[in-house]
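The primary structure of each chain is shown beneath.
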Amino acid sequence: MKKSLAIVLMVLCVFSVFAQGQTETAPATTAPVETTTAPVVEKAAPKKMVYATSSFGMKFSPFFAATAYDQEVVDFTQGGLLAADRGGAIIYDGINGETHSYNGTDYFYQGMGSVEVVQNADGTVDYKLTMRDDIKFSDGTPATIDDVIFGIYVLADPTYDGSSTLYAQPIIGMSEYYNSMKSADSMIYAAGKDNTDFSKWTKETQDQFWADLDKAGEAFAQEIVDYVVANYAPSYYSTVADSLDALMASPELQVKLGMSLWGYDSYWKEGATAADYWAGIVDA
């Protein structure tokens, strides 16, 4: 490297001299240049940890781990904002670290965050959380308090179906948040087919919702008709047809029997189909 650097510097100095003083073309000169081949460095094989446990549920997520064995993997690969000592006590000042004694031995603990607990006169408690600013994910992306807040929102979401019960804790505002949210489907349904307020969803979304619902509803109503015909036709055909053969040959009369036995007689009309049956169910 020293020889190569010296050659480069010499060439630069010579070029500078020629650029400033030469008026005639100088004869071309060559200088021997040493070349070296960099040694091939083999990448070290990634280190592996072998861990024996019982059967996995294969849900290695801090939100959805369902078995104790999956949770063990989560504990290996995920980090919590607050640390705990060997006895399970919270490390309140994890950023600066605390020394706790266990079985006569002192141990020093640090964590990703610290917490200050404030008891209020009205009986409520404030937990003031602080997170270190040098935490990163495994891909190098900085981890911030926003990631912690995201995790809280996941566990508090009404559609969350994991094992955490954070949503049931007496956190101020939690009950209002958890119980006030409605699914888009339920809101579109409540607004009705004639809704013209598209501030929360588009007309295309609304039209597609009702088209899908009606398609599924028609199939549902047809299942009722098929069930009624298969199980009750011989006993109740006389309520809608002159003969069993007439009932079995007429899809319209079968729909009528299905509506009659399920209490939807008032929604019957000539030529009714399973779609009409479903419309009656929705109206009712």
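Relevant structure appears above.
Here we summarise the structure given alongside this text. (Residues numbered from 1 in each chain as written. Predicted model: local features only at pLDDT ≥ 70, side-chain atom pairs only at ≥ 80, totals over all residues. Heavy atoms only, no water.)

Here we take up the overall build of the protein chain. Within the protein chain, the secondary structure is distributed over nine helices and four strands. Counting from the amino terminus, helix and strand elements in the protein chain follow one another as α-α-β-β-β-β-α-α-α-α-α-α-α. Taking all 284 residues of the protein chain together, the buried fraction comes to 20%. Put simply, 29% of the contacts in the protein chain that link residues at least 6 apart link residues at least 24 apart. With the model as given, the accessible surface of the protein chain reaches about 21,000 Å², and the carbon-plus-sulfur share is 56%. (Helix = DSSP H or I, 4+ residues; strand = E, 2+ residues; numbered from the N terminus. Buried < 20%, exposed > 50% of the residue type's maximum accessible area, 1.4 Å probe, protein only. Contact = heavy atoms within 4.5 Å. Areas by Shrake-Rupley, 256 points an atom, 1.4 Å probe, with all protein chains shown as cover.)

A word on the pairing of strand E4 (residues 125-131). Of the strand pairs in this sheet, strand E3 (residues 113-119) and E4 are connected by seven bridges, and their pairing is antiparallel. Residue Ser-114 lies in a different strand from E4, and its bridge partner there is Thr-130. Counting the residues in the hairpin turn of E3 and E4 gives five residues, including Gly-123, whose phi is positive at 95°. (Pairing = 2+ DSSP bridges.)

Moving on, we come to the nonpolar core. By size, the foremost hydrophobic cluster in this structure holds 19 residues, and its most contacted members are Leu-247, Val-255, Met-259, Tyr-277 and Ile-281. Those elements giving two or more residues to this core turn out to be helix H6 (203-236), helix H8 (251-261) and helix H9 (274-283). For this core, the element with the highest residue contribution is H6, accounting for six residues. Contacts of Tyr-277, omitting those with residues within four sequence positions, involve Ala-221, Ile-224, Val-225, Val-255, Gly-258, Met-259, Trp-262 and Tyr-264. (Core = buried A, V, L, I, M, F, W, Y, C linked by side-chain atoms within 4.5 Å.)

Turning to the environment of Tyr-109, a few remarks are in order. Here Tyr-109 lies in strand E2 (residues 105-109). Its relative accessible area of 9% is what places Tyr-109 among the buried residues. With 24 residues separating them along the chain, Tyr-109 and Asp-85 place their C-alpha atoms 7.0 Å apart. Setting aside its immediate chain neighbours within four residues, Tyr-109 contacts Ala-84, Asp-85, Arg-86, Ile-91, Gly-97, Glu-98 and His-100.

H6 packs onto helix H5 (residues 184-191) with a crossing angle of 90° between their chain directions and a minimal axis gap of 10 Å. Judged by the angle between their axes, H5 and H6 are roughly perpendicular. Across from Asp-185, Ile-188 and Tyr-189 in H5, the residues of H6 making contact are Thr-205, Gln-206, Phe-209, Trp-210 and Leu-213. Partitioning the contact of H5 with H6 into residue classes produces five nonpolar, two polar and one charged. (Axes fitted to C-alpha atoms, helices over the stretch in contact; angles between N-to-C directions. Parallel < 35°, antiparallel > 145°, perpendicular 65-115°, else oblique. Nonpolar A, V, L, I, M, F, W, Y, C, P; charged D, E, K, R; others polar.)

A few words now on unusual backbone geometry. At Met-58, a residue that is not glycine, the phi angle is positive and equals roughly 65°. Here Met-58 lies in the loop between helix H1 (2-21) and helix H2 (68-77). Although it is not a glycine, Asn-103 adopts a positive phi angle of roughly 55°.

Our focus in this paragraph is the packing of aromatic side chains. Evaluated as defined, the whole model comprises 15 aromatic pairs. Taken together, a centroid distance of 5.4 Å and an interplanar angle of 80° make the contact between Phe-209 and Trp-210 edge-to-face. Relative accessible area serves as the criterion here: at 14%, Phe-209 is assigned to the buried category. Ring geometry for Tyr-232 against Tyr-236: centres 6.1 Å apart, planes inclined by 75°, an arrangement best described as edge-to-face. Remark: Tyr-236 and Tyr-232 occur in helix H6; sequence separation between them is four residues, near one turn of the helix. Overall, Tyr-232 belongs to the partly exposed group, its relative accessible area being 30%. On the accessibility criterion, Tyr-236 (37% relative accessible area) is partly exposed. Taken together, the ring pairs in this structure connect Phe-63, Phe-64, Phe-150 and Tyr-160 into an aromatic cluster. When the ring centre of Tyr-107 is taken as reference, the NZ or CZ atom of Arg-86 above it lies at 3.5 Å. (Phe/Tyr/Trp six-rings, centres within 6.5 Å; stacked < 30°, edge-to-face > 60°. Lys NZ or Arg CZ within 6 Å of the ring centre and 35° of its normal.)

Before going further, it helps to spend a moment on the layout of surface pockets. By volume, the largest pocket is sized at about 1,600 Å³. Contributing to the lining of the largest pocket are 43 residues, with Gly-79, Gly-80, Leu-81, Val-148 and Gly-151 lying nearest its centre. Going through the elements one at a time, H2, E3, E4, helix H3 (145-156) and helix H4 (174-180) are the ones with two or more residues in the lining of the largest pocket. It is H3 that provides the largest number of residues to the lining of the largest pocket, a total of eight residues. Across the lining of the largest pocket, the residue classes break down as 30 nonpolar, 10 polar and three charged. Counted as a void, the second largest pocket has a volume near 200 Å³. Along the walls of the second largest pocket sit Thr-124, Val-125, Asp-126, Tyr-127, Pro-170, Ile-171 and Ile-172, which together make up its complete lining. Partitioning the lining of the second largest pocket into residue classes produces five nonpolar, one polar and one charged. (1 Å grid on protein atoms, 1.4 Å probe; cavity = no way out; pocket = protein on both sides within 12 Å on 5 of 7 lines; lining within 4 Å. Points joined across faces, edges and corners; volume = space filled by probe spheres on them.)

Don't take any of this as a statement about function, it's just geometry.
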